[in-house]
Number of protein chains: 2
Amino acid sequence: MKAIQELGERAQTASRALRASTGAQRNEALAAMAEALSARSGGILAANEQDLKAAAENGMTVSLQDRLRLTGARVQGMRQGILEVMEEKDPLGLVLDQSARPNGLRVERVSVPLGVIALIYEARPNVTADAAALCLKSGNAVILRGGKEAIHSNTAIADTLRQAVASTGLPADCVQLVADTSRESAAALMRANGLVDVLIPRGGAGLIRTVVEQASVPVIETGVGVCHVYVDKAADAEMGLNIIENAKTSRPSVCNAIETILVHGDIAAAFLPALAARLAKHPVELRCDEAALAILKNDPNAVPAAEDDWAAEYGELILAVKVVADIDGALAHLRAYSTRHSEAIVTGDEDAAARFLREVDAAAVYVNASTRFTDGGEFGYGAEIGISTQRLHARGPLGLRELTSYKYLIRGEGQIR
Amino acid sequence: MKAIQELGERAQTASRALRASTGAQRNEALAAMAEALSARSGGILAANEQDLKAAAENGMTVSLQDRLRLTGARVQGMRQGILEVMEEKDPLGLVLDQSARPNGLRVERVSVPLGVIALIYEARPNVTADAAALCLKSGNAVILRGGKEAIHSNTAIADTLRQAVASTGLPADCVQLVADTSRESAAALMRANGLVDVLIPRGGAGLIRTVVEQASVPVIETGVGVCHVYVDKAADAEMGLNIIENAKTSRPSVCNAIETILVHGDIAAAFLPALAARLAKHPVELRCDEAALAILKNDPNAVPAAEDDWAAEYGELILAVKVVADIDGALAHLRAYSTRHSEAIVTGDEDAAARFLREVDAAAVYVNASTRFTDGGEFGYGAEIGISTQRLHARGPLGLRELTSYKYLIRGEGQIR
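Counting restarts for each chain: residues are numbered from 1 in the order of the written sequence. Chain letters start at A and ligand numbers start at 1, both assigned in the order the entries are written. With the structure being a predicted model, the display of local features is reserved for residues of pLDDT at least 70 and the display and counting of side-chain atom pairs for 80 or more, all residues being used for whole-chain, interface and lining totals. Side-chain metrics rest on all non-hydrogen atoms present in the structure, leaving aside hydrogens and water.

Peer 1: With reference to specific residues and values, describe the overall build of chain A.
Peer 2: Only runs of H or I of at least four residues qualify as helices and only runs of E of at least two qualify as strands under DSSP, and these elements are numbered from the N terminus. In terms of helices and strands, chain A carries 15 helices and 16 strands. In terms of overall size, chain A behaves like a compact globule, its C-alpha atoms giving a radius of gyration of 24 Å where 417 residues would be expected to give roughly 22 Å. Principal axes of the C-alpha set define a box for chain A whose edges measure 70 × 70 × 35 Å. Only heavy atoms enter the contact rule, under which two residues are in contact if any of them lie within 4.5 Å. Of the contacts formed within chain A by residues at least 6 apart in sequence, a portion of 72% connects residues at least 24 apart. Split by element, the accessible area of chain A, about 15400 Å² in all, is 51% carbon and sulfur. Note on charges: Lys and Arg go in the positive column, Asp and Glu in the negative column, and His and the chain ends are not counted at all. One atom stands in for each charge, and that atom is NZ of Lys, CZ of Arg, CG of Asp or CD of Glu. Charge centroids of chain A, computed over 43 positive and 52 negative side chains, lie 6 Å from each other. The globule rule used here is 2.2 Å times the number of residues to the 0.38 power, and the radius of gyration it is set against is calculated over C-alpha atoms. Each accessible area is a Shrake-Rupley estimate made with a 1.4 Å probe; only the visible protein chains count as cover when residues are assessed.

The structure is reproduced here in structure tokens:
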């Protein structure tokens, strides 16, 4: 596709300018981006109104409309997010390791940008500003391919950011938005080898699957989270209730919310009724396996689970509930159904905790804490562009460090091999 | 393809056993692998004879037959290589960073295996043993898909290694060879999502391109090296001659050998005749641009270059030669033709050196040294499974560290968000 080819070539050119830029120049551009969002807030909100009007006409659900909606406070939040990224440590030019070899060669490994990052994402327009800031700070040119439903908002935000970047002397093309929101433009990005260095899909399971299936450029898979809490025999029951309530109900639509709990058989008869009582006020529908349903048979929120409940990412106030014989049963269930995002055990037994940490294969494995902490900021690393659920390159929060590569610099005095 | 599906499932099962294994257990398996190669050397050499017989009948070139050939010494070399991998530091379970958060959570980032690594490779059977050792040491199950021409050798080696691994209590399926060497088996590996965690193609540009185009599993691109030496105006001419001779002639078939030299216009008239004299003894054919040919017009090894010479990975005693106006000309040529493997400048000018190191985008950038040093061992990192020419995950030598991922371990006392 010609438009994507041209966008990609401009991004590569901008990427060279970014590679040659200093941290101070990039921070200056970030400051200009933040101020421009404030200054042009009115225009951005007006563009967002157009998207919201179309969304209402097209029958978009209220919760999706809420994700699409910008307000003055949300624009200020985007501005603040950019300033926070600006304040982070420069991830480029770090000497990751160095050595002097016996033959006198000095070998350094130094962090460099990935190059051109393409992001395919869905409804929320704030992603446009967040992703642009993270990519610019880490010296990467970015190609943003948002959804049709947010195109007016995204265009207003991207134009604002581009002018701000250009006003500081870096190329406007450090930030580009794909105007064409057709499937074809997404497909062309996925096959733009040599122009797109990394593609990050951010959205639902369907989008991720399509990208993984079709892309020939390097991809980082993000976000699908069927997360679990396992309540062990040796759990503090009150702690288990707190963690499950928090991980399920504090923000059910996000990827680090839980979908299923596993409860040790010896405590299920005491724990599950207390849990049902705790979750009744939200209320949370409980999709129960046979053993759990036998315990909760009189609970109005308890219904039988079907096989596909164990693989479901509900994103709403539904929780699958399974009774397992012991930690082996919990680990076996996770091997079958974990999406390797975030998994937690609640236990007072140190051996069980150690085993869970060692054997569970996920980006983040928790003992006695909510899975909701899987987040760059909560881990102490700053903002993130997504949560990687693959093992290649980076796992968990994709922050500034994960948006870099490295190169080897070797200095000699004529050494030959 | 059913055979690949079954292989992949067995590899995933073996991978879980490896994840739960200790460094001592993995070293025990490596020791057994090394000893078994020695003990069964006769059978391996007999199998290799079968491959060599078929190769001669099929008219394989002598240089390819040489790559295919095993000898007693080469089997001992494989054994020694495994022992060296065994001696390296365990790359698993390393705490890469850790912090205590204000809310009391303790967050650790710990190295873990990638999982199941598939390797598609061509002629040399020693890769079978080298790759198996690196994968096992780093806790990864490996699926080896070698070429048809080496199938008897590879089968004998893989069977030997599998029995050795099993004799120490780890699953034989830590090492698996794909018996079917058809295109279909390679294609099935490329699409084995959920079974193959990383695919590494090792071979010529055609193989790499096919894998990048067709794979839906994560890929690490390796090896295509159109490497350059730029001889700057301020170069020590003798050093330049030494480096070029070494980088071109010491082992022309490998990926870190050079294919093109760029010479500053101000010194070309003096430097090129000296270079032609130095290379005449090999001899090296010189494919010259117009300016270089004007200088070397009476040299018997000098011929005109065509456009496709600038992108050629010769792998033999041919060198493309171009005169550039200055370092800008050299950098522009590299932007167009570098495959981002290894690039060198020869100069006494510190500013030129600094600029070359900063602006050249390649896995390894050299000042005053031969590109032939791009190698895990030469950099001080031990053996490698290939040289990555992409920016995602790892760049340059793929050693034990690059064959790992990580996970976050978070310990709390009931924290919620």
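Peer 1: Kindly report on helix H6 (residues 126–137) of chain A, identifying the contributing residues and their values.
Peer 2: Each turn of an α-helix holds 3.6 residues, which means side chains three or four residues apart point in the same direction. Residue and element names in this part refer to chain A. A rise of 1.5 Å per residue sets the reference length of H6, with its 12 residues, at 16 Å; its end C-alpha atoms lie 17 Å apart and thus fit the reference within 8%. For every residue, the accessible area obtained with a 1.4 Å probe (protein chains only) is divided by the maximum for its type, and the residue is called buried under 20%, exposed over 50%, and partly exposed between those limits. Of all the positions in H6, only Val127, Thr128, Ala129, Ala131, Ala132, Ala133, Leu134, Cys135, Leu136 and Lys137 are classed as buried. Directly beyond the C-terminal end of H6, a positive phi value near 75° is found at Gly139. One less than the residue count of a helix, multiplied by 1.5 Å, gives the span that helix is expected to have.

Peer 1: Give me the lowdown on the sheet that holds strand E4 (residues 141–145) of chain A, citing residues and values where you can.
Peer 2: All names here are of chain A. Pairing between two strands requires that DSSP report at least two bridges joining them. Ordered by their spatial adjacency, 4 strands build an open sheet running E5-E4-E3-E6, and the pairing between neighbours is parallel. Strands with a single pairing partner mark the edges of an open sheet, and in this sheet they are strand E5 (175–177) and strand E6 (198–202). Sheet twist, expressed as the average angle between the axes of neighbouring strands with direction ignored, equals 20°. Strand direction decides the pairing type here: E4 and E5, joined by 3 bridges, are parallel. Here the axes come from fitting lines to C-alpha atoms, over the contacting stretch only for helices, and the angles between their N-to-C directions go from 0 to 180 degrees.

Peer 1: Talk me through the pairing of strand E1 (residues 95–100) of chain A; I want residue IDs and the actual numbers.
Peer 2: Residues and elements named next belong to chain A. In terms of strand pairing, E1 meets strand E2 (residues 106–113) through 5 bridges, oriented antiparallel. Among the inter-strand pairings, Ala100 is bridged to a residue of E2, identified as Arg106. Counting the residues between successive antiparallel strands, the hairpin from E1 to E2 contains 5 residues, one of them, Gly104, with a positive phi of roughly 95°.

Peer 1: So, the packing of helix H2 (residues 23–39) of chain A against helix H5 (residues 72–87) of chain A: which residues are in play, and what are the values?
Peer 2: Residue and element names in this part refer to chain A. In contact at an axis separation of 9 Å, H2 and H5 are set at 170° when each is read in the N-to-C sense. Taken together, the axis directions place H2 and H5 in an arrangement best described as roughly antiparallel. Residues Asn27, Leu30, Ala31, Met33, Ala34, Glu35, Leu37 and Ser38 of H2 pack against Val75, Gln76, Met78, Arg79, Ile82, Leu83 and Met86 of H5. Orientation labels follow simple angle bins: below 35 degrees gives roughly parallel, above 145 gives roughly antiparallel, 65 to 115 gives roughly perpendicular, and whatever is left gives oblique.

Peer 1: If you had to explain the interface of chain B and chain A to someone new, which residues and values would you point to?
Peer 2: Listed per partner, the contact involves 78 residues of chain B and 78 residues of chain A. Two parts placed together each lose some accessible area under a 1.4 Å probe, and the buried area is that loss summed for both. In total, chain B and chain A occlude about 6400 Å² of area from one another, counting both sides; carbon and sulfur atoms represent 49% of this. Looking only at chain B, the three residues that lose the most surface to chain A are Leu392, Tyr408 and Arg417 of chain B, adding up to 14% of its buried area. Salt bridges are identified by distance alone: a Lys or Arg side-chain nitrogen within 4 Å of an Asp or Glu carboxyl oxygen. Across the contact surface, chain B and chain A share 14 salt bridges. Between Arg191 of chain A and Glu213 of chain B there is a salt bridge, with its nearest N and O atoms 3.1 Å apart. A 3.5 Å cut-off defines polar contacts: any pair of N or O atoms within that distance qualifies, except that in protein one atom must be a possible hydrogen donor and the other a possible acceptor, and neighbouring residues in sequence count only when both atoms are side-chain atoms. Taken together, the links from chain B to chain A amount to 45 residue pairs in polar contact (both at pLDDT 80 or more).

Peer 1: Outline the nonpolar core, listing residues and values.
Peer 2: Residues and elements named next belong to chain B. Residues belong to one nonpolar core when they are buried, are Ala, Val, Leu, Ile, Met, Phe, Trp, Tyr or Cys, and are joined through side-chain atoms within 4.5 Å. Residues Leu199, Ile261, Leu272 and Leu319 are the most contacted members of the largest nonpolar core, which totals 114 residues. Top element by residues in this core is helix H6 (residues 126–137). It accounts for 8 residues. Excluding residues that lie within four positions of it along the chain, Ile261 makes contacts with Val229, Ile244, Leu272, Leu275, Leu319, Ala320, Val321 and Lys322.

Peer 1: Please provide a residue-by-residue account of the relation of the copies chain B and chain A, values included.
Peer 2: One copy of the chain maps onto the other through a rotation about an axis plus a displacement along that axis. Taken as rigid bodies, chain B and chain A are interconverted by a rotation of 180° and an axial shift of 0.0 Å, the fit giving an RMSD of 0.0 Å. This pairing of chains is accounted for by a two-fold axis. Among all residues of chain B, the one whose C-alpha sits closest to the rotation axis is His393 of chain B, at a distance of 1.8 Å. When the interface residues of chain B are mapped onto chain A, 100% of them again fall at the interface, so both copies present the same face. A least-squares fit on C-alpha atoms brings the copies together, and the residues used are those whose pLDDT is at least 70 in both copies.

Peer 1: Please provide a residue-by-residue account of the environment of Pro304 of chain A, values included.
Peer 2: Residues and elements named next belong to chain A. Locating Pro304 in the fold gives a position in strand E10 (residues 302–304). For Pro304, a relative accessible area of 56% gives the class exposed. For the pair Pro304 and Ile220, spaced 84 residues apart in the sequence, the C-alpha separation amounts to 36 Å. Residue contacts for Pro304: discarding those within four places in its chain leaves Cys288 and Leu293.

Peer 1: Describe the pattern of salt bridges, and please don't skip the residues or the numbers.
Peer 2: This model, assessed by the stated rule, comprises 60 salt bridges over all chains. Measuring nitrogen to oxygen at the nearest pair gives 2.9 Å for the salt bridge that ties Asp309 of chain A to Arg287 of chain A. One end of the pair, Asp309 of chain A, is in the loop between E10 and strand E11 (318–324); the other, Arg287 of chain A, is in strand E9 (residues 285–288), and 22 residues separate them in sequence. For Arg391 of chain A, the salt bridge identified is with Asp197 of chain B, shortest N-O distance 2.9 Å. In this pair, Arg391 of chain A is assigned in the loop between strand E14 (387–388) and strand E15 (396–397) and Asp197 of chain B in the loop between helix H8 (183–190) and strand E6 (198–202), connecting two distinct chains.

Peer 1: So what's going on with the sheet that holds strand E13 (residues 364–369) of chain B? Residues and values would help.
Peer 2: Read across the open sheet, the 10 strands follow the order E1(A)-E2(A)-E16(A)-E13(B)-E12(B)-E7(B)-E8(B)-E11(B)-E9(B)-E10(B); overall the sheet is mixed. Each having just a single partner strand, E1 of chain A together with strand E10 (302–304) of chain B make up the two edges of the open sheet. Between one strand and the next, the sheet's axes are offset by a mean angle of 25°, whatever the strand orientation. Bridging between strand E9 (residues 285–288) of chain B and strand E11 (residues 318–324) of chain B involves 4 bridges; their strand directions are parallel. Residue pairing across strands places Glu285 of chain B opposite Ile318 of chain B, the latter belonging to E11 of chain B.

Peer 1: Quick rundown of the packing of aromatic side chains? Include the residues and the values.
Peer 2: Any two rings among Phe, Tyr and Trp, with Trp reduced to its six-membered ring, count as a pair given centres within 6.5 Å; such a pair is stacked if its planes are under 30 degrees apart, edge-to-face if over 60, and tilted if neither. Per the counting criterion, the structure on display carries 6 aromatic pairs over all chains. When the centroid spacing of 4.9 Å and the interplanar angle of 40° are considered together, the rings of Phe379 of chain A and Tyr408 of chain B count as tilted. Of this pair, Phe379 of chain A sits in helix H15 (residues 376–379) while Tyr408 of chain B sits in strand E16 (residues 404–415), placing the two residues on different chains. Across this residue pair, the class does not change: Phe379 of chain A and Tyr408 of chain B are buried. Measuring from centroid to centroid gives 5.8 Å for Tyr406 of chain B and Tyr408 of chain B, while their planes differ by 85°, and the two rings are edge-to-face. Across the pair, exposure class does not vary: Tyr406 of chain B and Tyr408 of chain B are buried alike. The rings of Phe379 and Tyr381 of chain A together with Tyr406 and Tyr408 of chain B are connected pair by pair, giving a single aromatic cluster.

Peer 1: Explain the side chain of Arg372 of chain B to me, and be specific about the residues and the numbers.
Peer 2: In this structure, Arg372 of chain B sits in the loop between E13 and helix H15 (376–379). Comment: no salt bridge for buried Arg372 of chain B; closest opposite-charge side chain is Asp375 of chain B, at 6.6 Å. Other than its neighbours up to four places away in sequence, Arg372 of chain B contacts Arg417 of chain A together with Asn246, Ala247, Ser250, Arg251, Val254, Asn256 and Ala257 of chain B.

Peer 1: With reference to specific residues and values, describe unusual backbone geometry.
Peer 2: All names here are of chain A. For the peptide bond that leads from His282 to Pro283, omega is -20°, which places it in the cis range. As for its position among the elements, Pro283 is in the loop between helix H11 (265–279) and E9. One non-glycine residue, Arg340, adopts positive backbone phi at about 65°. Position of Arg340 among the secondary structure elements: in the loop between helix H13 (327–337) and strand E12 (342–346).

Peer 1: Mind laying out the environment of Asp159 of chain A, listing which residues take part and the relevant values?
Peer 2: Residue and element names in this part refer to chain A. Its location among the elements puts Asp159 in helix H7 (residues 151–167). With a relative accessible area of 35%, Asp159 lands in the partly exposed category. Separated by 13 residues in sequence, Asp159 and Ala172 place their C-alpha atoms 9.0 Å apart.

Peer 1: Please give an account of the packing of helix H10 (residues 237–249) of chain B against helix H11 (residues 265–279) of chain B that cites residues and values.
Peer 2: Residues and elements named next belong to chain B. Axis separation between H10 and H11 bottoms out at 10 Å; the angle between their running directions is 45°. Here H10 lies oblique to H11, going by the angle between them. The crossing of H10 and H11 is right-handed. Along its contact with H10, which presents Ala237, Glu238, Gly240, Leu241, Asn242, Ile244, Glu245 and Thr249, the element H11 presents Phe271, Ala274, Leu275, Arg278 and Leu279. Note that Gly is not counted as nonpolar here; it falls among the polar residues with everything else outside the nonpolar set of Ala, Val, Leu, Ile, Met, Phe, Trp, Tyr, Cys and Pro and the charged set of Asp, Glu, Lys and Arg. Grouping the constituent residues of the contact of H10 with H11 by class yields 7 nonpolar, 3 polar and 3 charged. Helix crossings fall into two classes, left-handed where the near helix is turned counterclockwise from the far one by less than a right angle and right-handed where it is turned clockwise.

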